[in-house]
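Observations on the three-dimensional arrangement
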Amino acid sequence: MPVWHHAVSQCRGIQDVETGKKHCVDPTARYASKFQFDHLITTKLHLYPLLSSVINRFRMFPIAITADIGKMFRVVELDPNDREYHRFLQRDSDTGTIQDFRMCRLTFGVTSSPYLATQVLLELADQERSRYPKATTAIRQSFYVDDCLAGASTLQEVKRLGDQLINLLKEAGMTLRKFRSNSPEFLSTLPPELIETEDLEITEPMSSAKALGIHWSLRTDNFHISTPNIDPIPTTKRLVASAAAKVYDILGIYSPVTVVARLILQQLWQSGLGWDQPIPADLENLWHAWTAALPDLAAHPVPRRLTSDTNHPSIQLHGFSDASEKAYGAAVYIRTVAADTSTKVNLVMAKSRVAPIKTLTTPKLELTAALLLAKLLSLVASDLNLPTSSIFAWTDSSVTLHWIHSSPHRLQTYQANRVTAINELIPSAQWRHVSTNFNPVDLASPRPSDPG
């Protein structure tokens, strides 16, 4: 039987806050057989929803709550037949004898653990859906492994949801804890031991919590970005790649800024520089200008809530796409009309991509941007449970509009494949033309004359 735990030379495991001990496990280590334990495990990667989908649904609730399941992996038992593959050795501190143990519960760091933990939640939801209908819906739509991002329209509804979630998870021996909310009234109904108090105070102006990595200001109910501290010297390709990856923007809200870092990195790859060689002076100047502007992003928060009223006679999605020789992008906005006819428009999510190194014509890039937009619109419409008939797609390329409205069999292969995909993703969408001057995505696709 395989023994996949090895002697610890440097512990990089997960530290238990309560005990101060670390779980030192490295299932990716290679041994004499050249195999990694993680590579031999069968797992399904798409059992839980996309991060962006959980966050999109989270933004629809007037009253929002976050929480997590305490020590979730330690609650889920491994099948006895699988424990042989989770063996480890430990030396007795008194006698020096090497002892052979088997893990009986899910192990941190193993690829299959999040899948198995999520499967337990889904099975629990199936078994108890008649007793806890609201909680089972939340488990399927508002959980990402052990993190919960849920909510409701009224205080009464969110109280009922919280009670059902706590009681449902208790059936499986799990504790839902570290509750946070933009509603002090809801938090006051919970036992004190279930409320997160270490890093937030809702009455403080700068108080914030994290919702799947996004900083959420509880007082203002806004999302804001946290920018990393970047050492400006020495500037190498390794530093640029590392720093660019540290800007966490899962919704693409700050794409006009983050795409600049990717453009710089693309040029560094094309230059053939080594990882630790100093970068050229012109790119270094652009990099320093980019890093100097990063702290300004914190001054531009984004509303968490996408709508302003619980009764919306009209909800529409409006998407925009654009492309240039350097990059292309797409953005999706939600437009709601309340019962009093007031209108609200909010950015839901966006994406930007650097243009391929192999040169494409501008019309082809515009069509590629339209396909990216179609994927975003389809995703958001599914997340928010909106019909595709309420989707409007906008582009400033007349050629792209002509291709989309043409029959694919009359187009060349490149255009036909993408037009077919667009029509399959959003078959009922209304494609329209927008002037370049009024296209908001123009900011995310810099022109050759733009900096960066």
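To start, this report covers the structure provided alongside it. (Residues numbered from 1 in each chain as written. Predicted model: local features only at pLDDT ≥ 70, side-chain atom pairs only at ≥ 80, totals over all residues. Heavy atoms only, no water.)

Regarding the pattern of salt bridges
Filter applied, for reference: The rule for a salt bridge is simple: a side-chain nitrogen of Lys or Arg has to be within 4 Å of a carboxyl oxygen of Asp or Glu. Strands are runs of DSSP state E lasting at least two residues, helices are runs of H or I lasting at least four, and both sets are numbered from the N terminus onward. Note on exposure labels: buried denotes an accessible area under 20% of the residue type's maximum, exposed denotes more than 50%, and partly exposed covers the range between, all computed with a 1.4 Å probe on protein chains only.
What the rule picks out here adds up to 13 salt bridges. For the salt bridge of Asp68 with Arg177, the shortest nitrogen-to-oxygen distance reads 3.6 Å. Of this pair, Asp68 sits in strand E3 (residues 63–69) while Arg177 is found in strand E8 (residues 176–181), placing the two residues 109 residues apart along the sequence. Asp68 gets classed as buried once you look at its relative accessible area, which sits at 12%. Residue classification places Arg177 among the partly exposed positions, given a relative accessible area of 22%. Here Arg105 makes a salt bridge to Glu77, at a shortest N to O gap of 3.7 Å. Placement of Arg105 in the loop between strand E5 (98–102) and helix H2 (112–127) and of Glu77 in the loop between E3 and strand E4 (87–91) is noted, with a sequence separation of 28 residues between them.

A word on the sheet that holds strand E17 (residues 430–433)
Under the convention used in this document: A strand pair is defined by DSSP finding two or more bridges across the two strands. Helix axes use the C-alpha atoms of the stretch in contact, all axes being lines fitted to C-alpha atoms, and the angles between their N-to-C directions lie in the range 0 to 180 degrees.
Across the sheet, which stays open at both edges, the five strands sit in the order E15-E14-E13-E16-E17 with mixed pairing between neighbours. Bordering the open sheet on either side are strand E15 (343–354) and E17, each of which pairs with just one other strand. Looking at each pair of strands side by side, their axes are set apart by 20° on average, direction ignored. The sheet contact formed by strand E16 (residues 391–395) and E17 spans four bridges and is parallel.

Observations concerning the sheet that holds strand E7 (residues 147–152)
Judged by pairing direction, the sheet is antiparallel, and its four strands sit side by side in the order E6-E7-E3-E8 without closing on themselves. The sheet is open, and its two borders are formed by strand E6 (143–144) and E8, each paired with just one other strand.

Some points on the packing of aromatic side chains
Filter applied, for reference: Between the rings of Phe, Tyr and Trp (Trp by its six-membered ring), a pair exists once the centres lie within 6.5 Å; its type follows the angle of the planes, with under 30 degrees stacked, over 60 edge-to-face, and the other angles tilted. Counted as over-ring charges are cases with an Arg CZ or a Lys NZ within 6 Å of the ring centre that also lie within 35 degrees of the ring normal.
Per the stated rule, a full pass over the model turns up 10 aromatic pairs. Taking NZ or CZ as reference, Lys237 lies 4.8 Å from the ring centre of Trp275, over its face.

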